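The primary structure of each chain is shown beneath.
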Amino acid sequence: MLALRLLNVVAPAYFLCISLVTFVLQLFLFLPSMRQDPSAAWLFSPALLHGALFLFLSTNALGNYVLVIQNSPDDLDACQGPSTRRAPCPPPSTHFCRVCARVTLRHDHHCFFTGNCIGGRNMRNFVLFCLYTSLACLYSMVAGVAYISAVLSISFAHPLAFLTLLPTSISQFFSGAVLGSEMFVILMLYLWFAIGLACAGFCCHQLLLILRGQTRHQVRKGVAVRARPWRKNLQEVFGKRWLLGLLVPMFNVGGESSKQRDK
Ligand SMILES: [Zn+2]
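For the protein chain, an unreviewed UniProt entry supplies the name Palmitoyltransferase and the organism Panthera leo. The heading Subcellular location (unreviewed entry) in the UniProt record of the protein chain holds the text "Membrane". What UniProt records for the protein chain under Sequence similarities (unreviewed entry) is the sentence "Belongs to the DHHC palmitoyltransferase family."

Set out below in structure tokens:
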């Protein structure tokens, strides 16, 4: 349990460090390198468009991250621990999270990167957090590849060029041909690629469960769920203002229906 509690602190710190490093690289390395293009008009300059797109992706990723932490799944007030599982009529899909030390309704899983339980109230924000983190990482990777390509005069036209970049740049780094800052960006490219793919996979898996009307906890326990139209399952999590929620980080308006379903 001590290891899980420690992971619950280390993982959010790791996420915030990666976010900070990404911001610093974008602002002080990638954006200034784009400003050197004098041919484009100011309004449509690559730096402005790149900055606006990265700001949109990162604001949605961090905004939904904060909302996931703020909107914990509903506590089961009458229950204070594992013994309450023996309550007369416990609502379905309740679960006692040992890390958070509380019983939650519509529990899905415990996310160590947010240090919080994921369930009915914050599920939409969690899915959008995964989506925008994935997009922000993959976009940073593309910007980083463009930067490295320009600085080191490397062509990424060949599909295997990205795979061979690390071993060749390590040997060049020790021979002095590649600077420390450039080597750091190259390492970050692989980290962004890995986080981007992992978050995209996680987002797709979570969306599949939502369409089926299941939670990860129910799948793990083998709990059968009522067959419902996928549109209803989707609306229950994403609410009626789903399009606005896609563009701006906002509270989950589908939470009330989740409560009703459990009661
Ligand atoms: Zn938890």
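Alright, that's what it looks like, and here's the rest.
Moving on to the packing of helix 3 (residues 123-152) against helix 5 (residues 180-212). Between helix 3 and helix 5, the shortest axis-to-axis distance is 7 Å and the interhelical angle comes to 150°. By the angle class used here, helix 3 and helix 5 are roughly antiparallel. Here helix 3 and helix 5 pass one another in a crossing that is left-handed.

What the largest pocket holds in volume is close to 510 Å³. Of all elements in the fold, only helix 1 (2-35), helix 2 (46-70), strand 3 (107-111), helix 3 and helix 5 reach the threshold of two or more residues within the lining of the largest pocket. Among the residues making up the lining of the largest pocket, the classes are represented as 20 nonpolar, seven polar and no charged. As a volume, the second largest pocket reaches approximately 280 Å³. Looking at the lining of the second largest pocket residue by residue, the classes come out as 10 nonpolar, two polar and one charged.

Here is what the cut-offs are and how they apply
Residues numbered from 1 in each chain as written. Predicted model: local features only at pLDDT ≥ 70, side-chain atom pairs only at ≥ 80, totals over all residues. Heavy atoms only, no water. UniProt positions renumbered as here; feature names shortened; annotations may be inferred. Axes fitted to C-alpha atoms, helices over the stretch in contact; angles between N-to-C directions. Helix = DSSP H or I, 4+ residues; strand = E, 2+ residues; numbered from the N terminus. Parallel < 35°, antiparallel > 145°, perpendicular 65-115°, else oblique. Left-handed = near helix turned anticlockwise from the far one by under 90°. 1 Å grid on protein atoms, 1.4 Å probe; cavity = no way out; pocket = protein on both sides within 12 Å on 5 of 7 lines; lining within 4 Å. Points joined across faces, edges and corners; volume = space filled by probe spheres on them. Nonpolar A, V, L, I, M, F, W, Y, C, P; charged D, E, K, R; others polar.

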